[in-house]
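# Breakdown of the fold
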Amino acid sequence: MSSPQNLIVPTPSENSLARRTRPTKTDLADRLFRYLMYAASGVSVAILLMMGWVVSEQALPAISEFGLGFLVGQEWNVPELKFGALPMIYGTIGSGLISLIFAIPIGLAVAIVTSEDLLPQWLRSTIAFTIELLAAIPSVIFGLWGFYTFIPLLLPVQQFLYTRFGTTIPFFSTEPSGSGLLTAGMLLGIMILPTLAAVSREVLLVVPGYLRTGSMALGATRWETIFRVVLPKAFSGIVGGIMLALGRALGETMAVTMVIGNAENISPSVFSPAYSIPAILANTFAEAQEGIHIGALTYLVLILFTITLVVNIGAIGLVRLVERGEK
């Protein structure tokens, strides 16, 4: 019997090595797809930078004139060419936050009801379809509905809150007229509801079924499983849906213009008229004077652009922080 040292191990031929190292069609397709994704990502970043550059260039006269003081200025006087962005920033962020306060609970409730086995399938499909239909309604129709229907419905409630709590709670300290920050925020909440509910529903449907069955097998009730297992697992996707909805709320124009009151005003009362950045752009940009006036309006666009970026970066940071905590 020969020793292991005398065994002859066959070596692959040069042809077989070449066949092994030669890229296959699948490898070439994967490489091509990867390069296309890199190119698409690069184009997206380039478009984002180009937008920021163009807006900054057009806003340069106002930036040179007012500097960072534009962010805290409260006067908007076109004849005297005195401009401040704080009332518009307040109206934009305030209406966006109010919209989230109303949309998040309802949107998550719709997502849970339509994704979990809580109702018959036909009813779940009907609810999901009805909510998603709202996304197809143009914003100007929402604005007209808000002006003719929503304001009259909301005004008695506002009047009651002002009468009962106006002297003790600053949020209700202004006599309501119907239009105002609260009305705009609630209308935005209705408008962003389909986005938030649809994205959250899809994320909840992707959560593996064995997590649900395993949790209930250990003795948890269905609602304990939803709130302690399913929702934490889908948290990052739900935050993504909330950020998409907030992005629409911050940039909404026509509907907000019709119901927010369009007044350069900063007040703790949610009943007071206000102004948002998209609303003032829609109302005044077409008739704006050359120079500082257009520069100030474009400066507002740059501020809105920055707010949107900060919100998205903050959402990404929040998701990563939560994921790191879970690990």
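Residues numbered from 1 in each chain as written. Predicted model: local features only at pLDDT ≥ 70, side-chain atom pairs only at ≥ 80, totals over all residues. Heavy atoms only, no water.

## Points about empty space enclosed by the protein
- Under the definition given, this model contains two cavities of 30 Å³ or more.
- Computed from the structure, the largest cavity encloses a volume of approximately 50 Å³.
- In terms of lining residues, the largest cavity is bounded by V110, T114, I127, A128, I131, E132, P194, A197, A198 and R201.
- Going through the elements one at a time, α4 (86-115), α5 (121-133) and α7 (181-206) are the ones with two or more residues in the lining of the largest cavity.
- When grouped by side-chain class, the residues that make up the lining of the largest cavity number seven nonpolar, one polar and two charged. (1 Å grid on protein atoms, 1.4 Å probe; cavity = no way out; pocket = protein on both sides within 12 Å on 5 of 7 lines; lining within 4 Å. Points joined across faces, edges and corners; volume = space filled by probe spheres on them. Helix = DSSP H or I, 4+ residues; strand = E, 2+ residues; numbered from the N terminus. Nonpolar A, V, L, I, M, F, W, Y, C, P; charged D, E, K, R; others polar.)

## A closer look at the pattern of salt bridges
- The final tally for this structure, using the stated rule, is five salt bridges.
- A salt bridge links R212 to E116; the shortest N-O distance between them is 2.9 Å. Within this pair, whereas R212 is found in helix α8 (residues 209-217), its partner E116 is found in the loop between α4 and α5, the two being separated by 96 residues in sequence. Each of the two residues, R212 as well as E116, counts as buried. (Salt bridge = Lys/Arg side-chain N within 4 Å of Asp/Glu carboxyl O. Buried < 20%, exposed > 50% of the residue type's maximum accessible area, 1.4 Å probe, protein only.)

## Considerations on the packing of aromatic side chains
- In the structure shown here, the tally under the stated rule is nine aromatic pairs.
- With 5.3 Å between their ring centres and 25 degrees between their planes, W145 and F150 make a pair best called stacked.
- Classification of F150 as buried rests on a relative accessible area of 10%.
- Ring pairs connect the aromatic residues F66, F70, W76, F83 and Y299, which therefore count as one cluster.
- Looking at R34, its charged tip hangs above the ring of Y35, at a distance of 6.0 Å from the centre. (Phe/Tyr/Trp six-rings, centres within 6.5 Å; stacked < 30°, edge-to-face > 60°. Lys NZ or Arg CZ within 6 Å of the ring centre and 35° of its normal.)

## Notes on the confidence of the model for the protein
- Of the residues in the protein, 92% reach a pLDDT of 70 or more, and the chain-wide mean stands at 85.
- No element of the protein has a lower mean pLDDT than helix α1 (residues 14-21), which averages 52, and none a higher one than α4, which averages 92. (pLDDT = per-residue confidence, 0-100.)

## A closer look at the packing of α4 against α5
- At their nearest, the axes of α4 and α5 sit 8 Å apart, and the two run at 145 degrees to each other. Between α4 and α5 lies a crossing of left-handed hand. Here V110, V113, T114 and S115 of α4 come into contact with α5, specifically with R124, I127, A128 and I131. (Axes fitted to C-alpha atoms, helices over the stretch in contact; angles between N-to-C directions. Left-handed = near helix turned anticlockwise from the far one by under 90°. Contact = heavy atoms within 4.5 Å.)

## A look at the environment of S95
- Relative to the assigned elements, S95 resides in helix α4.
- Ignoring any residue separated from it by four or fewer positions in sequence, one finds S95 in contact with L181, G185 and L188.

## Some words on a nonpolar patch on the surface
- Taken together, the side chains of V43, I47, M50, M51, W53 and V54 present a nonpolar region at the surface, about 620 Å² in accessible area.
- By secondary structure assignment, the location of W53 is in helix α2 (residues 25-58). (Patch = residues over 30% accessible without salt bridge, like charges linked within 9 Å, V, L, I, M, F, W, Y side chains within 5 Å. Areas by Shrake-Rupley, 256 points an atom, 1.4 Å probe, with all protein chains shown as cover.)

## Observations regarding the packing of helix α6 (residues 139-165) against α7
- Running from N to C, α6 and α7 point in directions that differ by 125 degrees, and their axes come no closer than 10 Å. Relative to α7, the element α6 is oriented oblique. Crossing of α6 against α7: the hand is right-handed. Residues S139, F142, G143, W145, G146, F150, I151, L154 and Q158 of α6 form the contact with α7, whose participating residues are L182, T183, M186, L187, I190 and M191.
- Partitioning the contact of α6 with α7 into residue classes produces 10 nonpolar, five polar and no charged. (Parallel < 35°, antiparallel > 145°, perpendicular 65-115°, else oblique.)

## With respect to the environment of Y299
- Along the chain, Y299 falls in helix α13 (residues 292-326).
- Y299 sits in the buried class, given a relative accessible area of 7%.
- Remark: the alpha-carbon pair of Y299 and W223, spanning 76 residues in sequence, is separated by 48 Å.

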